[in-house]
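Notes for the structure review
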Amino acid sequence: MWTATANAGQPALQQIHGSDATVPVAPYLAALVGGEDQQGVMQGMTFPLRTSLRQGVLTTEGVAVFNARWMTQPIVVMGTDWASLQWLQLHQDRLRGLGAAVIVVAAGSEDEFKALQRAAAGVPVAPAQSPWLESRMRAAGVAIYPVLIDLDGRARQIIFDGAEADLGKGTP
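These lines cover the structure that appears in this document, whether it is placed above or below. (Residues numbered from 1 in each chain as written. Predicted model: local features only at pLDDT ≥ 70, side-chain atom pairs only at ≥ 80, totals over all residues. Heavy atoms only, no water.)

Quick look at the packing of aromatic side chains
How we decide: Any Phe, Tyr or Trp ring, taking Trp's six-membered ring, that has another such ring centre within 6.5 Å forms a pair; planes under 30 degrees apart are called stacked, those over 60 apart edge-to-face, and the others tilted. Elements are defined by DSSP. Helices are runs of H or I of four residues or more, strands are runs of E of two residues or more, and each kind is numbered from the N terminus. Summary of the burial criterion: residues with accessible area below 20% of their type's maximum are buried, those above 50% are exposed, and those between are partly exposed, where the area comes from a 1.4 Å probe applied to protein chains only.
Throughout the structure, instances matching the rule amount to four aromatic pairs. Here Phe 47 and Phe 113 contribute two aromatic rings whose centre-to-centre distance is 5.9 Å and whose plane-to-plane angle is 50 degrees, an arrangement assigned as tilted. Linking Phe 47 in the loop between helix 1 (26-33) and strand 3 (54-55) with Phe 113 in helix 3 (residues 110-120), this pair joins segments that are 66 residues apart in sequence. Note on Phe 113: relative accessible area 0%, which makes it buried. Measuring from ring centre to ring centre gives 5.5 Å for Phe 66 and Trp 132, while their planes differ by 5 degrees; the resulting arrangement is stacked. Within this pair, whereas Phe 66 is found in the loop between strand 4 (63-64) and strand 5 (75-79), its partner Trp 132 is found in helix 4 (residues 132-139), the two being separated by 66 residues in sequence. By relative accessible area, which is 7% here, Phe 66 ends up buried. On the basis of relative accessible area, Trp 132 is assigned to the partly exposed category, the value being 27%.

Some remarks on the pairing of strand 6 (residues 101-106)
Counted only if it meets this: Paired strands, as defined in this entry, are two strands with at least two bridges between them according to DSSP. Orienting the strands away from the viewer, one traces the path from the first strand over the helix to the second; a clockwise path indicates a right-handed crossover.
With six of six residues buried, strand 6 is to be regarded as a mostly interior element. Looking at chain direction, strand 5 and strand 6 are connected through five bridges and run parallel. Opposite Val 77, over in strand 6, you have Ile 103 as the bridge partner. For the crossover that starts at strand 5, traverses helix 2 (residues 82-98) and ends in the parallel strand 6, the hand is right-handed. Sheet topology places strand 6 next to strand 7 (residues 125-127); three bridges connect them, and they run parallel. Bridge assignment links Val 104 to a residue of strand 7, and that residue is Pro 127. With respect to chirality, the unit in which strand 6 leads through helix 3 into the neighbouring parallel strand 7 is right-handed.

No statement about biological role is implied by the geometric values presented.
Given below as structure tokens:
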């Protein structure tokens, strides 16, 4: 237990319990900002959304980003760029089936964000709120998007269902 110093005229914050089992709230907020006809995005949200992550290809599938016990649902980290939108379109049905939520780390404008919400067609979408997710990804060696971070806490760009996985193994 520790106590932070107080700002002038403000009481000090006191941490009662600390662990490595804390997670960002963005996936939980995704359902609140989902819906293409919703006015605005989130109060206080400003655009453009910028990130040091880059659109690219994940060279190693299954890189551990989070402890699996943190994961309550799969999350997708992506931008509003053309390649991310194509990836979303390719994997949209599977993401919906997994119950994934999208966290947008790069968007040039609110209009681009809203266009991504429309393109997601039922997959909840939320804007990134803090650098925490990006720092976790970078620490794990995953500096690109789009990626799915599945319930096992591992990042993947190639998402197969059972039938597609069998095709990839050469079985008819």
